[in-house]
Amino acid sequence: VANATLASVESIAAGMGYAAFQLKQYNVPLAEAYAMIAKIQDVRAGGPGGIQSGTYIKNLFQYMGKAVGPMASKNQREALKIMGVDREQKLKYWEMFNLGHGLEAILDIDRKLTKLPPTERQTILSNLANMRGAQGAMALFGGGESGKSVTQILEETLAGMKSDIA
């Protein structure tokens, strides 16, 4: 992961220290966790270190998982409604989170949000994932020094892991 981005091994480890518990609760594969933390550090080169990027990811999963689950707040339910997410879709996202596919659910939600103006997108993300989670989502799906998406970073990570095993 560090080779695919500008993140250092130490900063990725620091981010994992903050995000690991939340990611474990949602069965997020280790390679996805590394890729997400590295992507945030890549986007904000010189910005958040490992601890802050770990906090972004922790909050993103904690609050987005809650938003699609049975304990969603009024603001979260309203934000999903504005996006056109119906009960069936919400249940699908909840299942995805619990089966270790939370990143895919978040990517799908982000695709729905890209159709909205930037200020409205930020407001809805803040209602869904609180301020730090929203910052994490914006960084996760934004640009970056390497120009790579979180999906590209994940693919490179998995390819590197495969070659290390072989």
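Scroll up for the structure.
Residues numbered from 1 in each chain as written. Predicted model: local features only at pLDDT ≥ 70, side-chain atom pairs only at ≥ 80, totals over all residues. Heavy atoms only, no water.

### Some remarks on the overall build of the protein
Keep this limit in mind: By definition, any uninterrupted DSSP run of H or I lasting at least four residues is a helix, any uninterrupted run of E lasting at least two residues is a strand, and each is numbered from the N terminus. The contact rule is simple, with two residues in contact once any of their heavy atoms fall within 4.5 Å.
When helices and strands are tallied, the protein shows eight helices and zero strands. For the protein, the sequential pattern of α-helices and β-strands runs α-α-α-α-α-α-α-α. Long-range contacts, defined as pairs at least 24 residues apart, comprise 69% of the intrachain contacts of the protein with a sequence gap of at least 6.

### Here's the deal with unusual backbone geometry
For residues that are not glycine, phi is negative in most cases, and the peptide bond is trans in most cases. Applicable threshold: When a residue's accessible area, from a 1.4 Å probe over protein chains only, is under 20% of the maximum for its type it is buried; when over 50% it is exposed; and in between it is partly exposed.
Despite not being glycine, asparagine 27 shows a phi value in the positive range, around 55 degrees. Looking at the secondary structure, you find asparagine 27 in the loop between helix H1 (9–25) and helix H2 (30–43). Here asparagine 27 falls in the partly exposed class, since its relative accessible area comes to 44%. With a phi angle near 60 degrees, asparagine 130 is a residue other than glycine that sits in the positive phi range. Looking at the secondary structure, you find asparagine 130 in helix H7 (residues 118–141).

### Overview of helix H6 (residues 102–113)
Put simply, the rule is: Each helix should span, by expectation, one fewer than its residue count multiplied by 1.5 Å.
Compared with the 16 Å implied by 1.5 Å per residue over 12 residues, the 16 Å span of H6 between its first and last C-alpha is a close match. Restricting attention to buried positions, one finds in H6 the residues Gly102, Leu103, Ala105, Ile106, Leu107, Ile109, Asp110 and Leu113.

### Observations regarding the packing of helix H5 (residues 87–98) against H6
When two helices pack together, their arrangement is given by the angle between the helix axes and the distance between those axes. Applicable threshold: Axis definition: a line fitted to C-alpha atoms, over the contacting stretch in the case of helices. Angles run 0 to 180 degrees between N-to-C directions. For this classification, Asp, Glu, Lys and Arg are treated as charged, while Ala, Val, Leu, Ile, Met, Phe, Trp, Tyr, Cys and Pro are nonpolar and the rest, including Gly, are polar.
Axis separation between H5 and H6 bottoms out at 7 Å; the angle between their running directions is 145 degrees. Contacts between H5 and H6 involve Gln89, Tyr93, Met96 and Phe97 from the former and Gly102, Glu104, Ala105, Ile106, Asp108, Ile109 and Lys112 from the latter. Class assignment for the residues of the contact of H5 with H6 results in six nonpolar, two polar and three charged.

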